[in-house]
Every structure is written in C-alpha cells, then in structure tokens.
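# Coordinate analysis (summary)
What follows is the residue order along each chain.
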Amino acid sequence: MARLTIPELKSRKGPGSLVMLTAYDYPTAKLAAAAGVDVLLVGDSLGMVVLGYDTTVPVTLEEVLHHTKAARRGAPDVHLVADLPYLSDATPERALAAAERLVKEGGADSVKLEGPKIEVVAALVSAGVPVLGHVGLTPQTAASLGGYKVQGRGREEAAKLLEGALALEEAGVWGVVLEMVPAQLADLASRRLHVPTIGIGAGAATDGQVLVFHDLIGVFDRFKPRFVKRYLEGGQLIQEAISAYAAEVRAGAFPAAENAYEMDAEELEGLYGKE
C-alpha cells in the first residue's frame, strides 16, 4: 500500500473514509500498517500512555522526534503525522524549526498542531509542510478550557469552534481533528468543511476516526473516556502472561530443556579435564 498523498487525503470525505490510529514505536506501527490503517499519528499523548506524565504538556520535541523515527521504520508506506508539542508552535519560527526536524529527521509526512493558530499554519503550509488541524478539546491547553470536558455545547462556543475549523481550512490544512465535541456540531462541521474531519469523541458523522492505540487495546487504565471503545483487554492479558512467567521461574518450570542450548559431550568432557 502506497502512502496517501495530500490530495488523496483531502478527497476522503464521508463517514468512514479515514482510519487513523496513534503509534509510538516500531512494532505498533508495523501492526497498524498490516491491519490497513490509513494514517498513523505520533501524538503527544505518548507522554501519558508511554512515558507516564500526568498530561501532554511535558512532552518535548526530542521525545516526539524519537518516537516518530521508530514509527516510520515500522510503517514506511503509511502516511505519518507527528504532533508539535506544547509551545513548539507558539510562533511561526518555532513551528517551522520543529516541523523541519520532524519531517527531515523523523520522516513525518505531516505535522499536527492544536487550536486555530492561523498564522502558524499559514507559515507551515507556505513552506511546504502539510498540516493537520485540531480543534475542540485541545489537551495541551486543557487547563484553560476547564479541564478534559466536551467543547462547543453552547451556541456561542459552538460558533467559535466552527469558525476556527473553517479558518484552519482557509489557512491550508489538509484535515481537521475534532476532539470531544457534540455529535451534532461535528456533523455540521463535516458538512461545512471541504477537507476531511477526523473525530475523537465527536460521533459518527466525521469523515474519519482516530483512537489512541493504548486505549484501543486496553493497556492504559488511568482513565477511560466515554468515547473510547476497547477492542481488547490487553492489559489484563499481558499481566496474566507475566504472572505465568514469574510462577514458572519460581517453580523451576522455565526454562525447560527445549529452551536451553546443548554442548557436545566431548567438548564438555575436555573442559572438566582442565579442572
């Protein structure tokens, strides 16, 4: 499967047109690519689900770059998006410098930034960097939004959110992530925008969907948002496997003969003779 180009991505309109998943390492990206995922995201969510931070704010550019390189090696033929971490997109100059590293060193095809930072998006697009926008709940600035809660429930807030999404499209993004917004608002945005919308907690009317890999397979248990569907209780299965390993080691059942290597008897006898 060849990587989706920006024109191809922009043409993916209609519910179910894009499947997006986070990936932070080689094996995850490889599995997702084999499963037919359209777009992979090295999200700053890695800070919480991989690195153990309380929020995404502490994530550094070096950390995103490190994980982007690994994901690219695992999925060389899938369109790869890398997040611009907190404040790396505070100015056009900073965003361009960060994007240059993520694309040139990390192998990313696009970058994603949170909020309607129109001047920053315009600078990136003008420089030839494909951009995925993100409105609604923006985790990097969740504290200023009142925490991790649904955005756009009131008329004025909904109008502002929609205005921001349309402004991002005008600035040149190839798509817009809608996070934790009412399904009706996501439906309206998806019909108003000519570029694809990708929902996470935004209902079924968006053109695509994205989930965090660790939520999907059930290995992140600090909290479970309403919009998450676990397709596997992976955390429990992994813990059971580790417990079985520990029990066998303590009981002397592992390693068994089939897990060990043998030495030629004559060679071994020669060693004993040197004692």
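Let us look at the structure shown here. Bear in mind the structure is a predicted one, so any value in this text is a computation, not a measurement. (Residues numbered from 1 in each chain as written. Predicted model: local features only at pLDDT ≥ 70, side-chain atom pairs only at ≥ 80, totals over all residues. Heavy atoms only, no water.)

### Brief notes about the packing of helix α7 (residues 155-171) against helix α8 (residues 183-192)
It is at 11 Å that the axes of α7 and α8 come closest, and there the two elements cross at 30°. Judged on the interaxial angle alone, α8 and α7 are roughly parallel. By crossing handedness, the relation of α7 to α8 is classed as right-handed. Two secondary-structure elements touch here, α7 through A158, L161, L162 and L166 and α8 through L185, L188, A189 and R192. Partitioning the contact of α7 with α8 into residue classes produces 7 nonpolar, no polar and 1 charged. (Axes fitted to C-alpha atoms, helices over the stretch in contact; angles between N-to-C directions. Helix = DSSP H or I, 4+ residues; strand = E, 2+ residues; numbered from the N terminus. Parallel < 35°, antiparallel > 145°, perpendicular 65-115°, else oblique. Left-handed = near helix turned anticlockwise from the far one by under 90°. Contact = heavy atoms within 4.5 Å. Nonpolar A, V, L, I, M, F, W, Y, C, P; charged D, E, K, R; others polar.)

### Regarding the layout of surface pockets
There is about 290 Å³ of room inside the second largest pocket. Taken together, 14 residues form the lining of the second largest pocket, with P116, G136, L145, K160 and L161 sitting closest to its centre. Among the elements of the structure, β5 (131-136) and α7 are those that each provide at least two residues to the lining of the second largest pocket. In terms of residue count, the dominant contributor to the lining of the second largest pocket is α7 (4 residues). (1 Å grid on protein atoms, 1.4 Å probe; cavity = no way out; pocket = protein on both sides within 12 Å on 5 of 7 lines; lining within 4 Å. Points joined across faces, edges and corners; volume = space filled by probe spheres on them.)

### Things to note about a nonpolar patch on the surface
Together, I238, I242, Y245, V249 and F254 make up an exposed nonpolar region whose accessible area comes to about 470 Å². Summarising the element assignment, I242 is placed in helix α10 (residues 234-251). In this structure I242 comes out as exposed when scored by relative accessible area, which is 53%. (Patch = residues over 30% accessible without salt bridge, like charges linked within 9 Å, V, L, I, M, F, W, Y side chains within 5 Å. Areas by Shrake-Rupley, 256 points an atom, 1.4 Å probe, with all protein chains shown as cover. Salt bridge = Lys/Arg side-chain N within 4 Å of Asp/Glu carboxyl O. Buried < 20%, exposed > 50% of the residue type's maximum accessible area, 1.4 Å probe, protein only.)

### Brief notes about the pairing of strand β3 (residues 79-83)
Taking burial as the measure, the 5 residues of β3 include 5 buried ones, the bulk of the element. Residue alternation in β3 divides its side chains into two sets, H79, V81 and D83 and L80 and A82, and both sets are buried. With 4 bridges joining them, strand β2 (residues 39-42) and β3 adopt parallel strand pairing. Pairing of V42 across the sheet is with A82, part of β3. (Pairing = 2+ DSSP bridges.)

### Considerations on a negative patch on the surface
On the surface, D264, E266, E267 and E269 cluster together into a negatively charged patch. Structurally, E267 can be placed in helix α11 (residues 265-272). (Lys, Arg positive; Asp, Glu negative; His and termini not counted. Charge placed at Lys NZ, Arg CZ, Asp CG, Glu CD.)

### Considering the pairing of strand β6 (residues 175-179)
As a general feature of sheets, a regular strand has side chains that alternate between the two faces. Of all 5 residues making up β6, 5 are buried, and the element is well covered by its neighbours. Where burial is concerned, the two faces of β6 agree: the one with G175, V177 and E179 and the one with V176 and L178 are both buried. This β-α-β element, β5 to α7 to β6, shows right-handed connectivity. The pairing of β6 with strand β7 (residues 197-200) spans 4 bridges and is classified as parallel. Looking at β7, one finds that L178 is bridged to G199. In this view, the connection linking β6 to its parallel neighbour β7 by way of α8 has right-handed handedness. (Right-handed = clockwise from strand over helix to strand, strands pointing away.)

### Side note on the packing of aromatic side chains
Inspection of the entire model under this criterion finds 2 aromatic pairs. Look at Y245 and F254: their rings are 6.0 Å apart centre to centre, the planes differ by 70°, and that puts the pair in the edge-to-face class. (Phe/Tyr/Trp six-rings, centres within 6.5 Å; stacked < 30°, edge-to-face > 60°.)

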